[in-house]
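# Architecture and fold: a report
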Amino acid sequence: MRGKGIHYDTGTFPDGGNSRPSFDLGVVEREIRVIAEDLHCTAIRITGGDPDRIEAAAGYAAAAGLEVWFSPFPCEMTNAQMLPFLVDCAERAERLRLGGTDVVFVAGCELSLFARGYLPGDTFGARVPVLAGPGREAALEGVPDRVNAFLGEVVTAVRAVFGGPVSYASCPLDGVDWSPFDIVGLDAFRGLRNAAGYRDDLRKEFAHGKPVAILEVGCCTFRGAGDHGGAGWYVAMGPDGVTPKPDLVRDEGEQVRYLDDLITVFEEEGVDSLFWFSFAGYSTPHRTSGPDPDLASYGIVTILDENSGIPASARTYPDMPWEPKRAFHTLADHYKALGQQRTIVRGQ
């Protein structure tokens, strides 16, 4: 595996909210050094809806020696709004590349779900229920054609200003034609629904003759979350859509088991780069009393606040507003081992 990475959110805006309300540059720089030095990452996928934030984080990642996957994540935008947004981000990525950093540009993420105009509903929260309702098939009709038509425009415009490799973070609903891209990019969550054919489906993506990158994969922090994959956050939420259900059992081992299993699959199948989802769920802090929002988080660190019950003196990183979960250490061990294997092969 060439790229050993993590998904790093600078703040995305589904439903008009902000997944990372606070963006302290000192914290960002420190987190990225932890990602490079303690997680043993060689790459980082930096996502978000604010180009200035992505660019700032990318600068820190470049200084830390990481390969940067510059990944603008437009939410609730129309095609007409997205195109100039993506081109602006590509220009920023090119400046970073010309400075000597290895940069891959990721031209958006799961447009069918997060952009306006592909599925019924003006917001992400309104579109998701469509996929579970009786009108699912009718709603999905023609979506891949529309996605690919727009992505063709995007790639042409991006290549005019960016000279590095281009990918896209796809979900199965997008039905992407990979011919314009350099790297096949998959948001490849596994759950009960697709577990039986997961490895076979992954193998099919190599038929494009291009490197395959896993841009998102992970699970939440409650028992049984691995069965739900990318829908774990949705399954975990109660009627208000914010507070986790009261019957969930916190289980950091769930992430570890999911991670152990799938990293083996990706290594055996020859995946080029992996970006575990995610470093942190900044808007879902861990709380030891009452509802625990962190149960619905994919983060491998748990965000702390005044109700988390962990004093700074007891933290692994006292200067950071989070504490590593068990999956943090498991991922670090995997990446360190993979790096050592690569060194041995090169030495031979």
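These notes cover the structure that comes with them. These numbers were taken from a predicted model, which means no experiment stands behind them.

## A word on the pairing of strand 7 (residues 212-216)
Within strand 7, 5 of the 5 residues are buried, which leaves the element mostly enclosed by the surrounding structure. Examined bridge by bridge, strand 6 (residues 184-187) and strand 7 share 4 bridges and lie parallel to one another. Its bridge partner lying in strand 7, Gly 185 is registered against Ala 213.

## Let's talk about the layout of surface pockets
In this approach a probe as big as a water molecule rolls over the atoms, and the regions it shows empty are the leftover space. There is about 170 Å³ of room inside the second largest pocket. Surrounding the second largest pocket, Arg 20, Pro 21, Ser 22, Phe 23, Asp 24, Val 27, Glu 31, Tyr 282, Ile 303, Pro 321 and Trp 322 form its lining. When its residues are assigned to classes, the lining of the second largest pocket shows 7 nonpolar, 1 polar and 3 charged.

## Topic: the pairing of strand 6
What you see with strand 6 is no split at all: Val 184 and Leu 186 on one side and Gly 185 and Asp 187 on the other are buried throughout. Chirality of the crossover, the property in question, places the unit of strand 6, helix 8 (residues 198-204) and strand 7 among those that are right-handed.

## Some words on the side chain of Gln 255
In this fold, Gln 255 is placed in helix 10 (residues 252-269). By relative accessible area, which is 4% here, Gln 255 ends up buried. Among the polar contacts made by the side chain of Gln 255, one reaches the main-chain carbonyl oxygen of Gly 299 at a distance of 3.2 Å. Not counting chain neighbours up to four residues away, the residues in contact with Gln 255 comprise Cys 219, Cys 220, Thr 221, Ser 297, Tyr 298, Gly 299, Lys 325 and Ala 327.

## Details of the environment of Arg 190
Residue placement: Arg 190 occurs in the loop between strand 6 and helix 8. C-alpha of Arg 190 to C-alpha of Pro 311: the two residues are 121 residues apart in sequence and 35 Å apart in space. Ignoring anything within four residues of it in the chain, the contact list for Arg 190 reads Ala 195, Tyr 198, Gly 226, Gly 229, Tyr 258, Asp 261 and Leu 262. A polar contact is formed between the side chain of Arg 190 and the side chain of Asp 261, at a distance of 2.9 Å.

About the cut-offs
- Residues numbered from 1 in each chain as written.
- Predicted model: local features only at pLDDT ≥ 70, side-chain atom pairs only at ≥ 80, totals over all residues.
- Heavy atoms only, no water.
- Buried < 20%, exposed > 50% of the residue type's maximum accessible area, 1.4 Å probe, protein only.
- Helix = DSSP H or I, 4+ residues; strand = E, 2+ residues; numbered from the N terminus.
- Pairing = 2+ DSSP bridges.
- 1 Å grid on protein atoms, 1.4 Å probe; cavity = no way out; pocket = protein on both sides within 12 Å on 5 of 7 lines; lining within 4 Å.
- Points joined across faces, edges and corners; volume = space filled by probe spheres on them.
- Nonpolar A, V, L, I, M, F, W, Y, C, P; charged D, E, K, R; others polar.
- Right-handed = clockwise from strand over helix to strand, strands pointing away.
- Polar contact = N/O pair within 3.5 Å; in protein donor to acceptor, adjacent residues only side chain to side chain.
- Contact = heavy atoms within 4.5 Å.

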